[in-house]
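Listed here are the chains, written in short residue letters.
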Amino acid sequence: MMEKAGYLQRTGYSAIDSDGNMHEVIELHILGTRYAIRRSDLIRAVSGRVVVQVEELTRNWNYYLGITRGLAQVSASGKALNVELFGAGNFTLSLASLRAVMYGKERLAPVVKIPEISSQRFHRVVEGQQKLGATV
């Protein structure tokens, strides 16, 4: 079962990158930490299925984009945005709720944690099996 881990919201403000350029951002709040995805990147990800960066978001008079903390991309089914945060796990949200937030129909979209799959579950017993060689 997937548990709620946070939310995505469109705030309408911009954040400054390391080159001093302004970008409209979509905020991700996951496990109590704020992240940002550049809105232009998110639009590209949803339409072209490209991988985009999830960046650190800090506020000191203005909002600033920091180092990359993860990656996001549309799922294989095309129905969700999957977010991988380095060292924090994998998360997902439905594309329908993401679009509703991006285009102003909803304020928030729930983000859920994808449960870790135990490697023990897929461990196969190979005792007594023979190895076969193949020549190509």
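Placed above this text is the structure.
Participant: Hey, could you run me through the pattern of salt bridges in this one?
Facilitator: Where charged atoms from two side chains of opposite charge approach closely, those side chains can pair. One pass over the full model with this rule turns up 7 salt bridges. In this structure, the salt-bridge partner of Glu24 is Arg10, at a minimum N-O distance of 3.1 Å. Of the two residues, Glu24 is situated in strand β2 (residues 22-30) and Arg10 in strand β1 (residues 3-16); the sequence distance between them amounts to 14 residues. The closest approach of N and O atoms between Lys113 and Glu116, which form a salt bridge, is 4.0 Å.

Participant: Would you mind going over the environment of Phe91 with me for this structure?
Facilitator: Residue position: Phe91 is located in strand β7 (residues 89-94). C-alpha of Phe91 to C-alpha of Ala5: the two residues are 86 residues apart in sequence and 7.8 Å apart in space. In contact with Phe91, other than residues within four places in its own chain, are Ala5, Ile30, Leu31, Leu81, Asn82, Val83, Leu85, Val111, Val112, Lys113 and Ile114.

Participant: Please explain the pairing of β2 as it appears in this structure.
Facilitator: Note on strand geometry: in a regular strand, side chains alternate between the two faces of the sheet. Most of β2 sits inside the fold, with 7 of its 9 residues counted as buried. Pairing analysis gives 8 bridges linking β1 to β2, with the strands arranged antiparallel. The residue bridging Gly6 from the neighbouring strand is Ile30, located in β2. Hairpin geometry of β1 and β2 is characterised by an intervening segment of 5 residues between the two adjacent antiparallel strands and by a positive phi of about 90 degrees at Gly20. Two elements, β2 and strand β3 (residues 33-38), share 6 bridges in a ladder whose sense is antiparallel. Residue Ile26 lies in a different strand from β3, and its bridge partner there is Ile37.

The rules we used
Residues numbered from 1 in each chain as written. Predicted model: local features only at pLDDT ≥ 70, side-chain atom pairs only at ≥ 80, totals over all residues. Heavy atoms only, no water. Salt bridge = Lys/Arg side-chain N within 4 Å of Asp/Glu carboxyl O. Helix = DSSP H or I, 4+ residues; strand = E, 2+ residues; numbered from the N terminus. Contact = heavy atoms within 4.5 Å. Buried < 20%, exposed > 50% of the residue type's maximum accessible area, 1.4 Å probe, protein only. Pairing = 2+ DSSP bridges.

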